[in-house]
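Residues per chain are reported as follows:
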Amino acid sequence: MSTSYTIPKTQKAAVVESVGGTLQIKDDYPVKQASELAPGECLVKLEFTGVCHTDLHAAKNDWPVPAKTPLIGGHEGVGHIVAIGEHTQDSPVKVGDRVGIKWLAYSCLECEQCRKGNEQVCVKGKYSGFSVDGTFSQYVVSWVSHVTPIPANLDSAEAASILCAGITVYRAIKHSQTHIGDWIVLPGAGGGLGHLAIQYAVAMGLRVVAVDTGAEKRDLCLKLGAEKWVDFKETKDLVKDIKDATGGAGPHSTIITAASNAAYEQAIDYLRPGGTLMVVSLPGQGKLSCDIFFTVTKAISILGSYVGNRQDAIESLDIAARGKVKCYYTLKPLSALQETYEGLEEGTVVGRVVLDMKQTLVYHL
């Protein structure tokens, strides 16, 4: 028995109208109707959406690649499919399914990178909340080939942040060239990506050194399974403290989730020989600076890791659904998005902020 939904003409959405413009909450933003969907497109009615540091960069437009404007940001949405474009063939999802909207909204699935599992760098890729409108709205258009089914036993609000922060750190750890029992350092460990990275690392048998600042973040990191804590504001010698925490030799890998140039510059110094630096966070105007001599003579690997593909999404959600990873989040309404951006910029957000889109339902039929 098929499910049908009444789709309103307008919705509430958070919109940045122009480059450098201010965030505006609009009550009358148009909703794309079922008859307007192209083959392969679907319309999702959102329940929750996470807020990511990337959304702040998109709103400020301070990356080397500009975001579209006007822009609805957001790329960590969970909701139900309410319509699928006519003439869509072999859809892996159906109307009524609960699905997630990720950063990667679309890839061609035919190019070399897509065939090799690097869908996120597809030259035809479309990105939610950046090159196409995202999830800071009640309804969002996406593609049936790329929305991700949400496991039945995973809460929608918790699943939201797994769709970006979780996928991103999970893939980075998978490719960090580490093995069970190895040490891994996580700068930014108390933040949105970092607190999930601790749990994925522990689930994968790694020993975690958490780097961040403040008692609240310290307590959260240790609660989630980090064995050691280094406060970067209190330490007099960060490199020495990290090496000491790992028995003197330094960690086998580091996943940089802090949007700080300094976090990258220090990594070569504290990594043990043969260690791996995973480049994950994206400072607005960051440059990767490292000592070439010691990078070579310590045989350090430097690898960029960019979100994840469709399989990474399924795996990271499955681990969370089995109780191995829990997202710690604060639930807020869409109207709190601007203050959330300010908290991200100041580094005061602990864990993740998730917006409850059900609190903002406004119908104009």
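Residues numbered from 1 in each chain as written. Predicted model: local features only at pLDDT ≥ 70, side-chain atom pairs only at ≥ 80, totals over all residues. Heavy atoms only, no water.

## Section: the overall build of the chain
Alright, step 1. Summing up its helical and strand segments, the chain has ten helices and 18 strands in all.
Alright, step 2. The C-alpha radius of gyration computed for the chain amounts to 20 Å, which stays within 12% of the reference 21 Å derived for 365 residues, consistent with globular compactness.
Alright, step 3. Oriented by its inertia axes, the alpha-carbon framework of the chain measures out at about 65 × 40 × 40 Å.
Alright, step 4. By the burial criterion, 55% of the 365 residues in the chain qualify as buried.
Alright, step 5. When the accessible surface of the chain is split by element, carbon and sulfur atoms take 52% of a total near 15600 Å². (Helix = DSSP H or I, 4+ residues; strand = E, 2+ residues; numbered from the N terminus. Rg over C-alpha atoms; globule rule 2.2 N^0.38 Å. Buried < 20%, exposed > 50% of the residue type's maximum accessible area, 1.4 Å probe, protein only. Areas by Shrake-Rupley, 256 points an atom, 1.4 Å probe, with all protein chains shown as cover.)

## Quick notes on the pattern of salt bridges
Alright, step 1. Within the structure shown, the criterion is met by 21 salt bridges.
Alright, step 2. Across the salt bridge formed by Asp 27 and Lys 12, the nearest N and O atoms sit 3.3 Å from each other. Of the two residues, Asp 27 sits in strand β2 (residues 23–30) while Lys 12 sits in strand β1 (residues 10–16), which places them 15 residues apart along the sequence.
Alright, step 3. On the accessibility criterion, Asp 27 (38% relative accessible area) is partly exposed.
Alright, step 4. For Lys 12, a relative accessible area of 18% translates into the label buried.
Alright, step 5. Because the salt bridges share partners, they merge into one network encompassing Arg 171, Lys 174, Asp 312 and Glu 315. (Salt bridge = Lys/Arg side-chain N within 4 Å of Asp/Glu carboxyl O.)

## Some words on the pairing of strand β15 (residues 276–279)
Alright, step 1. Summarising the sheet, strand β14 (residues 253–256) and β15 pair through four bridges and their orientation is parallel. Paired with Ile 256 across the strands is Val 279, a residue of β15.
Alright, step 2. As paired strands, β15 and strand β16 (residues 301–304) are joined by four bridges and run parallel to one another. Within β16, the position partnered with Thr 276 by the bridge is Ser 301. (Pairing = 2+ DSSP bridges.)

## Here we look at the layout of surface pockets
Alright, step 1. Quantified by volume, the largest pocket comes out at close to 1100 Å³.
Alright, step 2. Sorting the residues of the lining of the largest pocket by element identifies α1 (53–60), α3 (156–174), α4 (192–203), β12 (207–212), α7 (261–270), α10 (337–346) and β18 (352–356) as the ones contributing at least two each.
Alright, step 3. Here the element with the most residues in the lining of the largest pocket is α10; it accounts for five residues.
Alright, step 4. Considered class by class, the residues forming the lining of the largest pocket number 23 nonpolar, 20 polar and six charged. (1 Å grid on protein atoms, 1.4 Å probe; cavity = no way out; pocket = protein on both sides within 12 Å on 5 of 7 lines; lining within 4 Å. Points joined across faces, edges and corners; volume = space filled by probe spheres on them. Nonpolar A, V, L, I, M, F, W, Y, C, P; charged D, E, K, R; others polar.)

## What about the packing of aromatic side chains?
Alright, step 1. Scanning the entire structure with this criterion turns up seven aromatic pairs.
Alright, step 2. An angle of 50 degrees between the planes, with centres 5.5 Å apart, marks the rings of Tyr 170 and Tyr 200 as tilted. Here Tyr 200 lies in helix α4 and Tyr 170 lies in helix α3, a separation of 30 residues in the sequence.
Alright, step 3. Using a relative accessible area of 7% as the deciding quantity, one classes Tyr 170 as buried.
Alright, step 4. Take Tyr 200: its relative accessible area is 0%, and that puts it in the buried class.
Alright, step 5. Here the aromatic cluster, defined as three or more aromatic residues joined through ring pairs, consists of Trp 63, Trp 103, Tyr 127, Phe 130 and Tyr 306. (Phe/Tyr/Trp six-rings, centres within 6.5 Å; stacked < 30°, edge-to-face > 60°.)

## A short note on the confidence of the model for the chain
Low-confidence regions, as indicated by low pLDDT, have predicted coordinates that should not be scrutinised in detail.
Alright, step 1. Taken over all residues, the pLDDT of the chain has a mean of 93, while the share at 70 or more is 97%.
Alright, step 2. Segment residues 361–365: pLDDT under 50, and 17 contacts once partners within four positions in sequence are set aside and those in other chains are kept. (pLDDT = per-residue confidence, 0-100. Contact = heavy atoms within 4.5 Å.)

## Concerning the sheet that holds strand β4 (residues 71–72)
Alright, step 1. If you trace the three strands from one edge of the open sheet to the other, you get β2-β1-β4, paired in antiparallel fashion. In the strand order of this sheet, the two ends are held by β2 and β4, each with one partner.

## Side note on the environment of Leu 282
Alright, step 1. Tracing the backbone through its elements, the reader meets Leu 282 in the loop between β15 and α8 (292–297).
Alright, step 2. Residue classification places Leu 282 among the partly exposed residues on the basis of a relative accessible area of 43%.
Alright, step 3. Here the alpha-carbon distance between Leu 282 and His 53, two residues 229 residues apart in the chain, equals 8.9 Å.
Alright, step 4. Look past the residues within four positions of Leu 282 in its chain and what remains in contact with it is His 57 and Trp 63.

## So, the nonpolar core
Alright, step 1. One finds Ile 173, Ile 184, Leu 186, Leu 196, Ile 198, Tyr 200 and Ile 255 to be the most contacted residues of the largest nonpolar core, which totals 40 residues.
Alright, step 2. Residue assignment for this core shows that the elements contributing at least two residues are α3, β11 (183–187), α4, β12, α5 (215–223) and α9 (310–321).
Alright, step 3. Here this core gets ten residues from one element, more than from any other, and that element is α3.
Alright, step 4. When sequence neighbours within four positions are dropped, the list of residues in contact with Leu 196 reads Ser 161, Ile 162, Ala 165, Gly 166, Val 169, Val 325, Lys 326 and Cys 327. (Core = buried A, V, L, I, M, F, W, Y, C linked by side-chain atoms within 4.5 Å.)

## Regarding the packing of α1 against α10
Alright, step 1. Relative orientation of the contacting elements α1 and α10 amounts to 105 degrees, with a least axis distance of 10 Å. Viewed along their axes, α1 and α10 adopt a mutual orientation that is roughly perpendicular. Judged by residue contacts, His 53, Asp 55, Leu 56, Ala 59 and Lys 60 of α1 engage Tyr 341, Leu 344 and Glu 345 from α10.
Alright, step 2. Its residues assigned to classes, the contact of α1 with α10 shows four nonpolar, one polar and three charged. (Axes fitted to C-alpha atoms, helices over the stretch in contact; angles between N-to-C directions. Parallel < 35°, antiparallel > 145°, perpendicular 65-115°, else oblique.)

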